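What the coordinates show
What follows is each chain in one-letter form.
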Amino acid sequence: MRIDAVDVRLLESPIKMKRSQGVGSVQASIKRVLLTVKTADGLEGVGEGQAWEVFSGTNENLYHAIASYLRPVLLGRDARHIPQIMADCDRALVANPEAKACVEMALFDLCGKAAGLPLVQLLGGSFRDKIPFSFSIANPDIQADLDLAKAMIADGHRIFKVKTGFSSHAADMRRMTLLREHLGDAEAVDLRVDYNQGLSPYNALAQCRAMEVFQPTFIEQPVPRDALDAMAHLTAALDTPIMADESVFSPAEALTIVQRKAADIISIKLMKAGGLRRAAEVNAIAQAAFLPCYAGTLWEGGVALAAATHFVAATANVSLGCEFYMPRFVFENDILVTPVVAEKGFVQVPTAPGIGVEIDWDVVNKQCVAAC
């Protein structure tokens, strides 16, 4: 399975609503990268990468990282030699986990298609075939999100993660009060809180304690990623579990969290970790320390999130659900012919070979802003 061609596209995808989080907002569109890896015998594998400038980097950098530095590593190689190829990618380019996740994803898609097997089988087999689904309440127009949440509850959804920390503490408390009053108590609706590093360590404990009245399932990344003493203090002091997100990109950082007792849960994102295999390493460290994991995202679309469903399906310890809501609920048009199913409270794992998705090239061509 010799790789004959590598095509890279930078896309700009319009979104339906504004999204605000503790470290920043997106307003009208989201950029992402689509990679196609082609073999000499006509097979194609696809991968998607997505970065956020206030979180980890830019999509322009992601695009050029693959086009200029990783494409030469891929050309002429046997696509089945994924560990070897990815080791060479690490030697060719430091960091850039989103670019490497995108490349590895395309290679796995290619290998799954060649074998006639869904990706979950290449990852060891299925533990679950559907994943509890969490939608993020992130629209600064809280009434719009409240109306959407009510409609989703009617469809069977019951997990909502509330983005906080981008406004005042008083505003956060009003938002949570409104959601609890209109959506139901903790037995009816599972509310989770995500500060995205939005609190200062000096007053985070008081603000998180105030949040506990709403009985959130967890509080995610309340303080900046490097404030590990504050994370450990909050983990020890609060009854509500603390989840580390931005504090854990790599397996080494997961080990530090475990050693410092700086979280009760770890959020795994393929883009942060640098791909499926590195995500599995993060999970193994968490599992060894009896910390459950959650499947998070940046702003990826259907290709990357379909790949992530296979990872979660194969990984028992990723037991707190996923937030794979972008393609159906936020993008005006994703790039898949048939979206990954997210209904009645669950995301379904695709069953076709490889990642199990088909690209709508008409949409790709409309959203493409650069290609090489």
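Placed above this text is the structure.
This section reports on the structure supplied with the text. (Residues numbered from 1 in each chain as written. Predicted model: local features only at pLDDT ≥ 70, side-chain atom pairs only at ≥ 80, totals over all residues. Heavy atoms only, no water.)

Two numbers describe how helix α5 (residues 142–154) lies on helix α6 (residues 169–183): the axes approach to 11 Å, and their chain directions differ by 30°. With respect to each other, α5 and α6 are oriented roughly parallel. For the crossing formed where α5 meets α6, the hand is right-handed. Contacts between α5 and α6 involve Ile 142, Leu 146, Ala 149, Lys 150 and Ile 153 from the first element and Arg 175, Leu 178, Leu 179, His 182 and Leu 183 from the second. Among the residues making up the contact of α5 with α6, the classes are represented as seven nonpolar, one polar and two charged. (Axes fitted to C-alpha atoms, helices over the stretch in contact; angles between N-to-C directions. Helix = DSSP H or I, 4+ residues; strand = E, 2+ residues; numbered from the N terminus. Parallel < 35°, antiparallel > 145°, perpendicular 65-115°, else oblique. Left-handed = near helix turned anticlockwise from the far one by under 90°. Contact = heavy atoms within 4.5 Å. Nonpolar A, V, L, I, M, F, W, Y, C, P; charged D, E, K, R; others polar.)

Pairing is antiparallel across the open sheet formed by three strands, whose spatial order is β6-β16-β15. In this open sheet, the two strands that pair with only one neighbour each are β6 (130–132) and β15 (342–343). (Pairing = 2+ DSSP bridges.)

The tally for this structure, following the rule as stated, stands at 23 salt bridges. Residue Asp 88 pairs with Arg 77 through a salt bridge whose shortest N-O separation is 2.8 Å. Placement of the pair is Asp 88 in helix α2 (residues 82–92) and Arg 77 in the loop between α1 (59–74) and α2, with a sequence separation of 11 residues. Across this residue pair, the class does not change: Asp 88 and Arg 77 are buried. Among the salt bridges present, the one from Arg 225 reaches Glu 253, with a minimum N-O distance of 2.5 Å. Here the residue Arg 225 occupies a position in the loop between β10 (219–220) and α8 (228–237), and Glu 253 occupies one in helix α9 (residues 251–260), the gap between them amounting to 28 residues. Owing to a relative accessible area of 25%, Arg 225 belongs among the partly exposed residues under this scheme. The exposure class assigned to Glu 253 is partly exposed, which follows from its relative accessible area of 21%. Ionic contacts of the salt-bridge type, sharing partners, join the residues Lys 161, Lys 163, Asp 194, Glu 220 and Glu 323 into one network. (Salt bridge = Lys/Arg side-chain N within 4 Å of Asp/Glu carboxyl O. Buried < 20%, exposed > 50% of the residue type's maximum accessible area, 1.4 Å probe, protein only.)

Purely geometric numbers; function is a separate question.
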